[in-house]
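The chain contents come next:
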Amino acid sequence: MPKSAGSLRGWCAIGAAFLLLGCTGPDPDAARSLRSILGSADGDAAGFARADRIREFVFPGDHGPHPSYRSEWWYLTAVVSTAASEAREFGVQFTLFRQGLDARRGETPAPNHGTEAWRTGQGYMAHVALTDIAARRHLAAERFSRGHPELAGARAEAFRVHLDDWQLASTGDAFSPLRLTVNTADFSADLLLTATRPATLQGDRGLSRKGPDNASYYYSVPRIEARGELVVSGSRHQVSGLAWIDREWSTSVLGDAYQGWDWFALHLDDGRDLMLYQLRRIDGQPDAFNAGSLGDGKVSRTLTADDFSLTPIEHWRSWPVAWKLVIRGDEPQQYIVRAAIKDQVMDTAVRYWEGVVHVEDDNGRRRGAGYMELTGY
């Protein structure tokens, strides 16, 4: 359906507001311009709730939408491979962004039918991507829609998020197992996803601070068994592996001090799940709000800025595609996190780097895999 210039600003806001930091470049004027599109607490954010205190998370309700907050996203990544005889590896990404266009419309759900069904006050953007590591290809697609029950939306029970026929949905009454189905001109994915660990509340009991005045509510479902079929350029591949789901909602936007961030979700071969992000300040100084978590399904350790460091050691064009990661503590650990292929840029309406990475020890032996996201370069 056609979109006005005003609505296109909304679509940019959906992508740029994700993870509170957006995809602004290092130019401070560009960052200020983006923030003006996104609005401020006194502008477009007026009337929306803010993530400013610890709350109780309640499932399955919190798997669904939170329309009283301006921005929200459902984010799935998976690293899967074919049978051992082939050992061909792929990455799959699916993200649905919801952007509140009118705070008043978040108060009551719109009817499912008739003219009023259009009055959701919500805009949606979906990104899907597939990384074919052997072929050194990264394929991506995006779609946009105004909220409407038949076009795009989200619900908690039975869980479903979708834009057209791209969807992530529960297969029964329980949240897990889930099924991901996407189909584009270049690839398709049909994956069954079974969570093997409970949700991890990120930050301070789910309140994830990303600056002195900004925060989101953030939880992860960090270890999910994935199996199913990928079709790439007409070739079918039966695959299995591990997936990760991240969920955030908020009304905050990027603070003036920041130009972007670097984020990692990693499955380590020893059975631990590691999430890290660092906020990149315009002045180049380390940020006190860098954070993460490290857990094995039984014990989860919250990581603060003092608990780890990330140092880029290789670049491709402007993107840092290999990092030295140090985790401090009683038993310090050191890894290299390296892009499986260098060009995994999401060349979409909002441009960012999102793709498969491998975790290595100092001797170059593989110790895990996952996803990296880079914004603001």
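Figured I'd write up the structure that's included with this text.

Basis of the calculations
- Residues numbered from 1 in each chain as written.
- Predicted model: local features only at pLDDT ≥ 70, side-chain atom pairs only at ≥ 80, totals over all residues.
- Heavy atoms only, no water.
- Helix = DSSP H or I, 4+ residues; strand = E, 2+ residues; numbered from the N terminus.
- Contact = heavy atoms within 4.5 Å.
- Areas by Shrake-Rupley, 256 points an atom, 1.4 Å probe, with all protein chains shown as cover.
- Phe/Tyr/Trp six-rings, centres within 6.5 Å; stacked < 30°, edge-to-face > 60°.
- Buried < 20%, exposed > 50% of the residue type's maximum accessible area, 1.4 Å probe, protein only.

### Some thoughts on the overall build of the chain
When you go through the chain residue by residue, the secondary structure sums to 2 helices and 23 strands. The long-range share in the chain, meaning contacts at least 24 apart out of those at least 6 apart in sequence, stands at 57%. As displayed, the chain offers around 15900 Å² of accessible surface, 47% of which is attributable to carbon and sulfur atoms.

### Side note on unusual backbone geometry
Looking along the chain, the bond that leaves Phe59 and enters Pro60 is cis, with omega of 15°. In this structure, Pro60 sits in the loop between helix H2 (28–38) and strand E1 (71–81). For the peptide bond that leads from Glu157 to Ala158, omega is -25°, which places it in the cis range. Within the fold, Ala158 resides in the loop between strand E5 (152–155) and strand E6 (160–163).

### So, the packing of aromatic side chains
Inspection of every chain in the model, using the stated rule, returns 13 aromatic pairs. Ring centres of Phe159 and Phe175 lie 5.0 Å apart, and the angle between their planes is 65°; on these two criteria the pair is classed as edge-to-face. Of this pair, Phe159 sits in the loop between E5 and E6 while Phe175 sits in the loop between strand E7 (166–170) and strand E8 (178–183); the two residues are 16 residues apart in sequence, bridging distant segments of the chain. Here Phe159 falls in the buried class, since its relative accessible area comes to 4%. Classification of Phe175 by relative accessible area gives buried; the value is 18%. Ring plane angle 75° and centroid distance 6.2 Å describe the contact between Tyr219 and Trp249, whose orientation is recorded as edge-to-face. Taken together, the residues span a long stretch of sequence, with Tyr219 in strand E12 (residues 215–232) and Trp249 in strand E13 (residues 235–250) at a distance of 30 residues. Like Tyr219, the residue Trp249 is buried in the burial classification. A connected cluster of aromatic rings, assembled from ring pairs, spans Phe57, Phe59, Tyr69, Tyr217, Tyr219 and Trp249.

Any functional reading would require information that these geometric values do not contain.
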